[in-house]
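Coordinate analysis (summary)
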Amino acid sequence: MKKIFKKILEKVFKKAVQKAANAEVPATDPEESGTNPYGDNKKAIWKFIIQTLISILTAILTALGTTSCMGVH
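Attention here is on the structure that accompanies the text. (Residues numbered from 1 in each chain as written. Predicted model: local features only at pLDDT ≥ 70, side-chain atom pairs only at ≥ 80, totals over all residues. Heavy atoms only, no water.)

**Re the overall build of the protein chain**
When its secondary structure is counted, the protein chain shows 2 helices and 0 strands. Counting every position in the protein chain, which comprises 73 residues, the buried fraction comes to 0%. Of the roughly 7,600 Å² that the protein chain leaves accessible, carbon and sulfur atoms contribute 67%. (Helix = DSSP H or I, 4+ residues; strand = E, 2+ residues; numbered from the N terminus. Buried < 20%, exposed > 50% of the residue type's maximum accessible area, 1.4 Å probe, protein only. Areas by Shrake-Rupley, 256 points an atom, 1.4 Å probe, with all protein chains shown as cover.)

Below you can see the structure in the form of structure tokens.
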């Protein structure tokens, strides 16, 4: 079973690597190279801060929920 699974994974990875190697990079116009792909800089910073806080709070709440279910007194 392990050999079959290993062969399948090898085939999938080989196809993915070949597909990535053959992918064409889209050409960009020189006029668009000066634009910021993330939009407004302040907006991007606040988005990052909010996402980070949400991730931290989620981790804390998950840890508290896990310890409350363990039945440790």
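Alright, that's what it looks like, and here's the rest.
**Quick word on helix H1 (residues 2–22)**
Between the first and last C-alpha of H1 there are 30 Å, a value that for 21 residues agrees with the 30 Å anticipated at 1.5 Å per step. Counting buried positions along H1 gives 0 out of 21 residues, so the element sits mostly on the surface. (Expected span 1.5 Å × (residues − 1).)

**Some words on a positive patch on the surface**
Where like charges cluster on the molecular surface, the positive patch consists of Lys3, Lys7, Lys11 and Lys15. Here Lys7 is to be found in helix H1. According to the relative accessible area criterion, Lys7 is exposed, its value standing at 56%. (Patch = residues over 30% accessible without salt bridge, like charges linked within 9 Å, V, L, I, M, F, W, Y side chains within 5 Å. Salt bridge = Lys/Arg side-chain N within 4 Å of Asp/Glu carboxyl O. Lys, Arg positive; Asp, Glu negative; His and termini not counted. Charge placed at Lys NZ, Arg CZ, Asp CG, Glu CD.)

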